[in-house]
Amino acid sequence: MNICIVGTGYVGLVSAACFAEMGNIVTCVDVNPEVIESLRQGKIHIFEPGLEEMVRRNAQEGRLVFTTDLAEGMQDSLFVFCCVGTPESKDGSADLQYVQQVARDVGSLMTDYTIIVDKSTVPVGTADSVRALVQEELDKRGVHIEFDVVSNPEFLKEGDAVNDFMKPDRVIVGTDNVRTAELLKTLYAPYARNREKLIVMGVRSAEMTKYAANCMLATKISFINEIANICERVGADVREVRHGIGADHRIGYQFIYPGMGYGGSCFPKDVKALIGTARSNGYEPQLLSSVDDVNDRQKIVLADKIEAYFANQGGVSGKTLALWGLAFKANTDDMREAPALELIRKLTAAGMRVRAFDPVAGSNAKALLAGNPLVEICSEQYEATHGAHALAVVTEWNQFRNPDFVKIKANLSAPILFDGRNLYSPGLMAAEGFAYFCIGR
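Below: a short report on this structure. (Residues numbered from 1 in each chain as written. Predicted model: local features only at pLDDT ≥ 70, side-chain atom pairs only at ≥ 80, totals over all residues. Heavy atoms only, no water.)

1. A look at the packing of helix H5 (residues 97-109) against helix H6 (residues 126-141)
Item 1. For the pair H5 and H6, interaxial distance at closest approach is 8 Å and the crossing angle is 35 degrees. Where H5 crosses over H6, the handedness of that crossing is right-handed. Where H5 approaches H6, its residues Val 99, Gln 100, Ala 103, Arg 104, Gly 107, Ser 108 and Leu 109 are matched on the opposing element by Thr 126, Val 130, Leu 133, Val 134, Glu 137, Leu 138 and Arg 141.
Item 2. Counted by class, the contact of H5 with H6 contains seven nonpolar, four polar and three charged residues. (Axes fitted to C-alpha atoms, helices over the stretch in contact; angles between N-to-C directions. Helix = DSSP H or I, 4+ residues; strand = E, 2+ residues; numbered from the N terminus. Left-handed = near helix turned anticlockwise from the far one by under 90°. Contact = heavy atoms within 4.5 Å. Nonpolar A, V, L, I, M, F, W, Y, C, P; charged D, E, K, R; others polar.)

Following this line, the structure appears as structure tokens:
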């Protein structure tokens, strides 16, 4: 099939490469000519394991094309996937200006039957507004062209997005058109060879499913962090508690890892967006509001521990913290809503210096923190520890899981380690001679 993907960000580029991988002809459209030129050269502008090789291979074999011209992208394309960003507005709602512009542009250029697929995360009711905008453009042109608008939300995890797309748990399609549903079933058939994965529902239900899924996962994270904070105060060990509750198949072990809260481009934005949707429809979402509040508090819990430790030593001002991990999670360079940023903000505001290292997100962090003179981004993980008064681990990169504790101890001015991801055993840390502080233990 011929497919047009509008937007070459995280969702758009992964979708394009994976559709092309199955033999489809895919044209990616983006308004940024520098991004398009880079993609034509086989270089991608986001970090995602396995993606660059897939993009390069399919481009070389002629199945993946990049352009800034939407008309070129739509030519002969049955499907137009809208994968543009929906950033958070000041009031927490989703900003739909880019989605709306794509709708207008498609309506002004469409020449034949087209299925417009909203893959961006959008509030309930967006497909209806997209349909109205496309129709408005067709009416301006004085033409009658059949089209359909479908909700097909993405469920990609950063760091494992290619695998998620190629082997999905489910494919949600929101449409009331039987023919459109069958066409999408054909498109997604190669990704569902061992069982039926396509779930067809109403458009608004599909839009809601995306938000409900992300908010459920965010709720599990805030729940276990709340439990961890209680554990610390009553002398329980949250890792043992997690094992005890996770054994219940109704709960499971996924997304109940205590830490420094969730970040990234999805959970924070989507929780706030659904809160906004509920309030705009006359309902106060108390649970979701609490999930959001708990997460905001959890992002600074490690900073609070660090300040408390140094309180009777003259405070953190003038001291240096070595920090491992800047991205909001491992296997990505995404710094959006990263807990490390809140920790750095709080500690540097109190006068503490931070020497940070991340194996992938260093350059992004350097750009974001360029205005903070108390922050230094290091190019090697042990370099960050030289002369520091303590080490804080904030992102669970594999290379941090079994480090050289002898070297760390030698480099630090004192053997103090703050573990925001519970990577290490308190027993091991005690044996290594470290003062060790973690989450919920």
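2. Overview of the pairing of strand S9 (residues 320-324)
Item 1. Extensive coverage of S9 is indicated by the burial of five of its five residues.
Item 2. Side-chain alternation along S9 places Thr 320, Ala 322 and Trp 324 on one buried face and Leu 321 and Leu 323 on a second face that is also buried.
Item 3. Pairing geometry for S9 and strand S10 (residues 353-357), over five bridges, is parallel. When the bridges of S10 are listed, Leu 323 appears paired with Ala 356. (Buried < 20%, exposed > 50% of the residue type's maximum accessible area, 1.4 Å probe, protein only. Pairing = 2+ DSSP bridges.)

3. Some details on the pairing of strand S12 (residues 390-393)
Walk down a regular strand and you will see the side chains alternate between the two sheet faces.
Item 1. On S12, burial covers both faces: Ala 390 and Ala 392 on one face and Leu 391 and Val 393 on the other are all buried.
Item 2. Relative to S12, S9 runs parallel, the two being bridged by four bridges. Bridging across to S12, Leu 321 finds its partner in Ala 390.
Item 3. Here three bridges tie S12 to strand S13 (residues 416-419), and the two strands are oriented parallel to one another. Residue pairing across strands places Ala 392 opposite Phe 418, the latter belonging to S13.
Item 4. With respect to chirality, the unit in which S12 leads through helix H16 (residues 405-411) into the neighbouring parallel S13 is right-handed. (Right-handed = clockwise from strand over helix to strand, strands pointing away.)

4. Thoughts on the pattern of salt bridges
Any two side chains of opposite charge can pair, given that their charged atoms come close.
Item 1. Inspection of every chain in the model, using the stated rule, returns 26 salt bridges.
Item 2. The residue Arg 57 makes a salt bridge to Glu 21 at a minimum N-O spacing of 2.9 Å. Of this pair, Arg 57 sits in helix H3 (residues 51-60) while Glu 21 sits in helix H1 (residues 10-21), and the two are 36 residues apart along the sequence.
Item 3. Note on Glu 21: relative accessible area 27%, which makes it partly exposed.
Item 4. The partner of Asp 292 in a salt bridge is Lys 272, with the nearest N and O atoms 2.9 Å apart. Placement of the pair is Asp 292 in helix H12 (residues 286-298) and Lys 272 in helix H11 (residues 267-280), with a sequence separation of 20 residues.
Item 5. Salt bridges linked by common partners bring Glu 136, Glu 137 and Lys 140 together as one network. (Salt bridge = Lys/Arg side-chain N within 4 Å of Asp/Glu carboxyl O.)

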